[in-house]
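An overview of the molecular structure
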Amino acid sequence: MATKQAQARWRSRHQLVKKQLNVMAKHLIHEDLEEIARDYDLKGKGEAVTFATFITKAMRQQAEYNPEAKRIMDLLEHAYKRDRDIYKP
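Residues numbered from 1 in each chain as written. Predicted model: local features only at pLDDT ≥ 70, side-chain atom pairs only at ≥ 80, totals over all residues. Heavy atoms only, no water.

Although it is not a glycine, D41 adopts a positive phi angle of roughly 55°. Within the secondary structure layout, D41 lies in the loop between α2 (27-39) and α3 (45-63). (Helix = DSSP H or I, 4+ residues; strand = E, 2+ residues; numbered from the N terminus.)

Written out as structure tokens, the structure is:
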């Protein structure tokens, strides 16, 4: 856990462009984020979260005009919702 002073410095430095996100997640999710960061040469778990949202947004945009991308998104959504208890904190 960061000190109050370190948190205050971070907030002061990034107040206009960033918003801190503290999320409780299972160990499995932390391992997945570390793997994504390693596999895609990212700067850690925070950037892996950003990359995952970037990929999701890109797939949603593709699904608007690409039937195969829509099919894949539908399959992934169904699989996640079916197994969401595995992923929830």
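Taken N-terminus to C-terminus, the directions of α3 and helix α4 (residues 67-87) make an angle of 130°; their axes are 7 Å apart at the nearest point. On the basis of the axis angle, α3 is oblique to α4. Crossing handedness for the pair α3 and α4: left-handed. Judged by residue contacts, T56, M59, R60, Q62 and A63 of α3 engage A69, K70, I72 and M73 from α4. The class makeup of the residues in the contact of α3 with α4 is five nonpolar, two polar and two charged. (Axes fitted to C-alpha atoms, helices over the stretch in contact; angles between N-to-C directions. Parallel < 35°, antiparallel > 145°, perpendicular 65-115°, else oblique. Left-handed = near helix turned anticlockwise from the far one by under 90°. Contact = heavy atoms within 4.5 Å. Nonpolar A, V, L, I, M, F, W, Y, C, P; charged D, E, K, R; others polar.)

To continue, consider the layout of surface pockets. If a probe the size of a water molecule is rolled over the atoms, the empty space left behind becomes visible. As a volume, the largest pocket reaches approximately 1600 Å³. Forming the walls of the largest pocket are 36 residues, and the residues nearest its centre are L33, A48, V49, A52 and T53. Secondary-structure elements contributing two or more residues to the lining of the largest pocket are α2, α3 and α4. Residue composition of the lining of the largest pocket, grouped by class: 20 nonpolar, seven polar and nine charged. (1 Å grid on protein atoms, 1.4 Å probe; cavity = no way out; pocket = protein on both sides within 12 Å on 5 of 7 lines; lining within 4 Å. Points joined across faces, edges and corners; volume = space filled by probe spheres on them.)

On to the pattern of salt bridges. For side chains bearing opposite charge, pairing can occur when the charged atoms are close. Evaluation of the coordinates by the stated rule reveals four salt bridges. Between K81 and E77 there is a salt bridge, with the nearest N and O atoms lying 2.7 Å from each other. Pair noted here: K81 and E77 are both in helix α4, with a separation of four residues, about one helical turn. Using a relative accessible area of 44% as the deciding quantity, one classes K81 as partly exposed. (Salt bridge = Lys/Arg side-chain N within 4 Å of Asp/Glu carboxyl O. Buried < 20%, exposed > 50% of the residue type's maximum accessible area, 1.4 Å probe, protein only.)

On to the packing of aromatic side chains. With the rule as written, the count across this model stands at one aromatic pair. Ring plane angle 40° and centroid distance 4.9 Å describe the contact between Y40 and F51, whose orientation is recorded as tilted. Of this pair, Y40 sits in the loop between α2 and α3 while F51 sits in helix α3, placing them 11 residues apart in sequence. With a relative accessible area of 22%, F51 lands in the partly exposed category. (Phe/Tyr/Trp six-rings, centres within 6.5 Å; stacked < 30°, edge-to-face > 60°.)

Let us look at the packing of α2 against α3. At their nearest, the axes of α2 and α3 sit 8 Å apart, and the two run at 85° to each other. Viewed along their axes, α2 and α3 adopt a mutual orientation that is roughly perpendicular. Where α2 abuts α3, its residues H30, L33, E34, I36 and A37 lie against K45, A48, V49 and F51. The residue makeup of the contact of α2 with α3, split by class, is six nonpolar, one polar and two charged.

The values are spatial; any link to function lies outside them.
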